[in-house]
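Here's the letter readout for the chains.
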Amino acid sequence: MRRKLAAGNWKMNGTAAALAELETLTAKGAPENAQVLICPPSTLISRAKDVAGDIISIGGQDCHANQSGAHTGDVSAEMLKDAGATHVILGHSERREDHNERDEDVRIKAKTAWDAGLVTVICVGESLSEREADNTLDIIGGQLAGSIPDGATGENLVVAYEPIWAIGTGKVPTLSQIGDVHDFMRARLERRFGEGVGRTVPLLYGGSVKPGNAPEIFAVSNVDGALVGGASLKASDFGAIIAALDAS
Ligand code: 13P
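Residues numbered from 1 in each chain as written. Predicted model: local features only at pLDDT ≥ 70, side-chain atom pairs only at ≥ 80, totals over all residues. Heavy atoms only, no water.

(A) Just the pairing of strand β4 (residues 87–90), in detail. Here β4 shows no split at all, with H87 and I89 on one side and V88 and L90 on the other all buried. Pairing between strand β3 (residues 57–60) and β4: two bridges, direction parallel. Residue pairing in the sheet places G60 in a bridge with V88 of β4. Pairing between β4 and strand β5 (residues 119–124): four bridges, direction parallel. By the bridge assignment, V88 is partnered in β5 with T120. (Buried < 20%, exposed > 50% of the residue type's maximum accessible area, 1.4 Å probe, protein only. Helix = DSSP H or I, 4+ residues; strand = E, 2+ residues; numbered from the N terminus. Pairing = 2+ DSSP bridges.)

(B) Layout of the site of the ligand. In the vicinity of the ligand lie 13 residues, with K11, H92, G168, S208 and G230 positioned nearest. G168 is positioned such that a nitrogen or oxygen atom in its backbone is 2.7 Å from an oxygen atom of the ligand. Here an oxygen atom of the ligand sits 2.9 Å away from a polar atom, N or O, in the main chain of G229. With the chains in place, 96% of the 310 Å² that the ligand exposes on its own is no longer accessible. Taken together, the residues of the shell around the ligand sort by class into four nonpolar, seven polar and two charged. (Near = heavy atom within 4 Å. Polar contact = N/O pair within 3.5 Å; in protein donor to acceptor, adjacent residues only side chain to side chain. Areas by Shrake-Rupley, 256 points an atom, 1.4 Å probe, with all protein chains shown as cover. Nonpolar A, V, L, I, M, F, W, Y, C, P; charged D, E, K, R; others polar.)

(C) A look at the pattern of salt bridges. Going through the model one piece at a time under the given rule, you end up with 13 salt bridges. Here R186 ties to D224 by a salt bridge, and the two come within 2.9 Å at their closest N and O atoms. Remark: D224 occurs in the loop between α10 (214–218) and β8 (225–228) and R186 occurs in helix α8 (residues 175–193); sequence separation between them is 38 residues. Judged on exposure class, the residue R186 and its partner D224 are both buried. Here the salt bridges share partners, and the residues they tie into one network are D62, R95, E101 and K109. (Salt bridge = Lys/Arg side-chain N within 4 Å of Asp/Glu carboxyl O.)

(D) Structural context of helix α7 (residues 136–147). Along its 12 residues, α7 runs 16 Å from first to last C-alpha, staying within 8% of the 16 Å computed at 1.5 Å per residue. Within α7, burial applies to T136, I140, G141, Q143, L144, G146 and S147. Tucked into the core, α7 has its buried residues touching α4 (93–98), α5 (103–115), β5, α6 (128–132), β6 (157–161) and α8. (Expected span 1.5 Å × (residues − 1). Contact = heavy atoms within 4.5 Å.)

(E) Fine view of the sheet that holds strand β1 (residues 5–9). If you walk around this closed barrel you meet the eight strands as β1-β2-β3-β4-β5-β6-β7-β8, and the pairing is parallel. Averaged over all pairs of adjacent strands, the angle between their axes in this sheet comes to 25°, without regard to strand direction. In this sheet, β6 lies alongside β5 in parallel orientation, the contact comprising five bridges. Its bridge partner being in β6, C123 is matched across the sheet by A160. Of the strands in this sheet, β5 and β6 touch α7, which is tilted by about 150° from β5. (Axes fitted to C-alpha atoms, helices over the stretch in contact; angles between N-to-C directions.)

Structure, rendered in structure tokens:
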């Protein structure tokens, strides 16, 4: 059985006041059939962990490729772990765009994160022009091959498919487009890491997931959960998405 995961990416949103939303979610208790992860800004990780306890897992949104050193302003995987994180998002398209992160950078960071004992949520996704040129699967295949280090397992890796054009836009691929990419990712992971491992890596869909579209997305083959941006900031919305995953 694969783990189902509802992951919230708060991006650069949230001060201490936002912890009230996490408190509301935590008070609902852990869902029976799914794990819940919130990735707040790194300034809130430690306090978020105190609020979430063992009910909700806490993650970072990025880490440096090195475990420590002269890298002003950066955060290491070890520091995230020390602050209470169990996961880290890597290779989000906003990091790839804003910080010119390439697949190779993501791969090196992932190794460092694994060494620190973190689960990596590695993001892949095509741009609108790549989708329109019918290059989606080539792009996703290349990103998977380049961004995931050797040594992946069903325990240390989660993959999130986030089409760039669906992030924060309200646009969502059709269910068959989501299914095609997820089936393709599953096949690629099984080919590279063996069926036993490839079959157990949770695959998340991300991009404008809301309470209204979550149930149909979770019914798509090889969709094991979601990576949610905007709708994860409100306990009522994210709670409804968690409930949909739990029931799927
Ligand atoms: P939205 O859910 O706001 O579209 O963001 C998706 C995302 O980028 C999550 O990492």
